[in-house]
Amino acid sequence: MRRVLCSLLFVMCVFFAHAANVDSLLNVMTHKEKVRLVIGGGWGSLFSGFNIPFCGKQQVPGAAGVTHAIKRLGIPSVVMADGPAGVRIKPRQHGKTAYATAFPVGCCLASSWDVGLMEEVGGALGEEAAAYGVDILLSPGMNIMRSPLCGRNYEYYSEDPLLTGKLAAGMVRGIQGKGVGTSVKHFACNNQETGRMHNDSQVDSLTLFNIYFKPFEIVIRESNPWTVMSSYNLLNGERTQESRWLLTDVLRRRWHYEGAVISDWTFRRRTRRQIEAGNNLMMPGDVLQRMDLKKAFKENADGENMLDTCVKRVLQLVEKVQRAREERRWREPRLEEHAVLARRAAAESFVLLCNEGNTLPLSPDVRIALFGASSYDMVIGGTGSGHVNAAYKVNLSDVIGNSVGERLKSEYRRWAKGNKHRNKAAGFGFMQKYLGRGALKEMPLKREWIREALDSADIALVTVGRQAGEGRDRERSDFSLTGEERDMLCAVSDEAHLRGKKMVVVLNVSGVIETMSWRSLADAVLLVWCPGQEGGNAVMDVLTGAVNPSGRLTMTWPMRLEDLPSTRNFGDEDVTRYEERDSVGYRAYFDSERIPAYEFGYGLSYTAFSEETLTDGSVLVRNTGRMAGRHVVMWMKNRCLSSFRKTRLLQPGEEEVLRE
Ligand code: GLC
């Protein structure tokens, strides 16, 4: 008992020491020092190739931003870097390489429905961030997928608030478990890229709290993220970064959030308003914002208190960083181990959409005719701040040992040489040439090449590629196949089936596409999203059955864009009215005759499972098939997802009871 009391006393002393530390610092800070602390240290690396540090040498070249140090008081500068799929910094730091692991993008990882896996990947991200001297990873992106056309859906998790919140909480726990902070983003209602800096999302209160705020409420309650990132847009006529209702009444009073609110990377706005709203830190920060505050608040005590509130939040954040730095066991980033994890995480997330006549898995020695430019040049991630400077990427063509059709392969190699920029997310990730035109150029195919390849193949494999990114939404046309893609699928399907052979389609896409008009051409369809640097290996692991696919859709795949009511007013430049209210994703199909192409939660397996609901509401899952596999159980209340669980790997005949 004495020992318990002593340790309790010790913890309280430490706590009060820290609290005293923040208050004592606040008491001795000059106004100028307070202003410097709530305004970031400059545009660290808006464009990954640029470094424009207003605050002297950048500690971590390529990081997104830093806070100001206050040397007189021993307050260090805090380093922040993107992003959700990997640490985005310059690939060379201080004279040596600084590659980071490009993990599968958010919408891919989320398809695993595995909170534990999110936490595991988060741990690896946190480790790499710490190794490179990053204190806060600007992740996870977790806005609701209101429309399939949002350019940043690749970074987000789902159309469903509960699934988004639970998965994001796993990611945050993983990252913060390694002593690196997170920034859950973008709060709130940044559900499109069109006009993102000034677009006004007009949403009714019930829909706000039940759909768009709900993931943030869950992630705050379940993982206590060090920071929340306020978004660029307006919400119901008020900038989120200037909304005291949003940043103080909702975030603080209603959800009791104790961390810091940092702005998205915004040029100067109404700095005083932002402080008054409770936006604690203006990132990346510039001298104009400091000038705004130089005089502000001096003349009245209330204002000084609002400034002090923000300064205090930043001091508490700095304190977390200082403690974490002391506890960190610095190490080189374990890139080899993380590559293995990236491969496993991707394979665990792929969604098997169709598998007629058990086309898959393929036998290991099967001869494959490989079609589709993305088979030879995989889309491993998205563009913008979510881009990762990885050391390499594995294409499907790199790992299919016995791909046949020499002429076909040489034609793809020749074509790739002439289309080097086809799938380039590097350089100015925000402004790379194809931004918004996600349908990547496809090589037109000649029948003779197809015939020659299929004459010596056992099966055809075709990859369809899409890219998307920050700063622009997908064009409506991007939802449908391009002419070249349709020609490719039709021609390969014809020639394969003429020869009694099958066609497998791999969807290497950054967002939902139309499937109804062409899926009957394929014998199997595997959705791999943007699977990260180990993508090619992960795809082969699933195609050959080394891994049994267990991914499920986290968003509805509609037959037509018009089937989703949000399409009516998605992407309006200035004002976007969420007239559909909570009819988002699968909720839009309630009481409707329409059916989706593939519904929320859909995903096939190479084995079969039975579910038996027990008296206490738990579910007994049994593997009734002939292959080991994992299964996801969803609980629904009032037709909406209320809980979900994923089994461990169950051998044939094995069973597991899952509880809500
Ligand atoms: C970007 C993004 C945000 C990112 C930040 C820093 O504009 O909206 O997600 O973390 O700026 O790069």
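Starting afresh in each chain, residues are numbered from 1 along the sequence in its written order. Selection of residues for local features in this predicted model requires a pLDDT of at least 70, selection of side-chain atom pairs for listing and counting requires 80 or more, and totals for whole chains, interfaces and linings are taken over all residues. Excluding hydrogens and water, the side-chain figures rest on all heavy atoms present in the structure.

Enquirer: Is there a simple way to explain the environment of S183 in this structure?
Expert: Position of S183 relative to the elements: it lies in strand β6 (residues 181-187). Between the alpha carbons of S183 and R270 there is a distance of 22 Å; along the sequence they are 87 residues apart. Beyond its immediate chain neighbours, meaning those up to four positions away, S183 contacts L137, L138, S139, P140, T227, V228, M229 and I262. Only runs of H or I of at least four residues qualify as helices and only runs of E of at least two qualify as strands under DSSP, and these elements are numbered from the N terminus. Whether two residues touch is decided by their heavy atoms; if any such pair falls within 4.5 Å, the residues are in contact.

Enquirer: Can you help me understand the site of the ligand in this one?
Expert: A molecule or strand has a residue near it when one of that residue's heavy atoms lies within 4 Å. Near the ligand, the surroundings consist of 14 residues, among which D82, H186, Y232, D264 and E470 are the closest. Polar contacts, as counted here, are pairs of nitrogen or oxygen atoms within 3.5 Å of one another; within protein the pair requires one atom able to donate a hydrogen and one able to accept it, and residues that are adjacent in sequence qualify only if both atoms are side-chain atoms. The contact in question runs from an oxygen atom of the ligand to an N or O atom on the side chain of Y232, over 2.5 Å. One nitrogen or oxygen atom from the side chain of D264 is found 2.7 Å from an oxygen atom belonging to the ligand. Accessible areas in this description were obtained via Shrake-Rupley with a 1.4 Å probe; residue shielding takes into account the shown protein chains only. For the ligand, the accessible surface in isolation is 310 Å², of which the surrounding protein chains cover 97%. For this classification, the nonpolar set comprises Ala, Val, Leu, Ile, Met, Phe, Trp, Tyr, Cys and Pro, the charged set comprises Asp, Glu, Lys and Arg, and every other residue, Gly included, is treated as polar. Class assignment for the residues of the shell around the ligand results in 5 nonpolar, 2 polar and 7 charged.

Enquirer: Any chance you could explain the nonpolar core here in plain terms?
Expert: For soluble globular proteins, nonpolar side chains are generally found buried alongside one another. Among the nonpolar cores identified, the biggest contains 159 residues, and F187, F213, F371, L507 and W557 are the most heavily contacted of them. Among the elements that take part in this core, helix α5 (residues 161-176) stands out by supplying 8 residues, more than any other. With residues up to four places along the chain from it excluded, the contact list for L507 reads L353, V464, I513, W518, V525, L526, L527, V528, W529 and W557. Core analysis: the next-biggest nonpolar cluster, separate from the first, contains 39 residues, A64, I262, M283 and V318 among them. In this description, a nonpolar core means a group of buried Ala, Val, Leu, Ile, Met, Phe, Trp, Tyr and Cys residues linked to one another through side-chain atoms lying within 4.5 Å. Summary of the burial criterion: residues with accessible area below 20% of their type's maximum are buried, those above 50% are exposed, and those between are partly exposed, where the area comes from a 1.4 Å probe applied to protein chains only.

Enquirer: How should the packing of aromatic side chains be read in this particular structure?
Expert: Aromatic ring pairs are reported here in terms of the distance separating the ring centres and the angle at which the planes meet. Aromatic rings from Phe, Tyr and Trp, with only the six-membered ring used for Trp, were paired whenever their centres fell within 6.5 Å, and each pair was classed as stacked if the ring planes differed by under 30 degrees, edge-to-face if by over 60, and tilted otherwise. Across all of its chains, the model carries 15 aromatic pairs by this definition. Centre to centre, the rings of F209 and F213 are 5.0 Å apart; their planes meet at 80°, and the pair counts as edge-to-face. No difference in accessibility class separates F209 from F213, as the two residues are buried. Both rings, one in F213 and one in W245, keep their centres 6.0 Å apart while their planes meet at 40°; by these two values the pair is tilted. Placement of the pair is F213 in the loop between α6 (205-212) and α7 (214-223) and W245 in helix α8 (residues 244-254), with a sequence separation of 32 residues. Under the relative-accessibility criterion, F213 is labelled buried at 0%.

Enquirer: I tried to follow the sheet that holds strand β16 (residues 502-508) on my own but got confused; where do I start?
Expert: Two strands qualify as a pair provided that DSSP identifies no fewer than 2 bridges between them. If you trace the 6 strands from one edge of the open sheet to the other, you get β12-β17-β16-β15-β13-β14, paired in mixed fashion. With one partner strand each, in any of the chains shown, β12 (351-355) and β14 (403-404) form the two edges of the open sheet. Pairing geometry for strand β15 (residues 459-465) and β16, over 7 bridges, is parallel. Looking at β16, one finds that T463 is bridged to V506. Against the sheet, helix α17 (residues 483-498) engages β13 (368-371), β15 and β16, with an angle of about 170° to β15. Inter-axis angles, ranging from 0 to 180 degrees, are taken between N-to-C directions of lines fitted to C-alpha atoms, where helices are fitted over the stretch in contact.

Enquirer: Hey, could you run me through the domain arrangement of the protein chain in this one?
Expert: By a widespread convention, an interface's size corresponds to the accessible area lost as its parts come together. Residue ranges labeled as domains rest on an automatic or database domain assignment. Its domain assignment divides the protein chain into domain 1 (21-324), domain 2 (335-598) and domain 3 (607-660). The C-alpha-based centres of domain 1 and domain 3 are spaced at 37 Å. Of the residues lining the interface, 9 residues belong to domain 1; the matching set on domain 3 comes to 8 residues. A simple way to read buried area is as the amount of 1.4 Å-probe accessible surface that goes missing from two parts once joined, with both sides added. Summing both partners gives a buried area of about 680 Å² for domain 1 against domain 3, and 71% of it is carried by carbon and sulfur.

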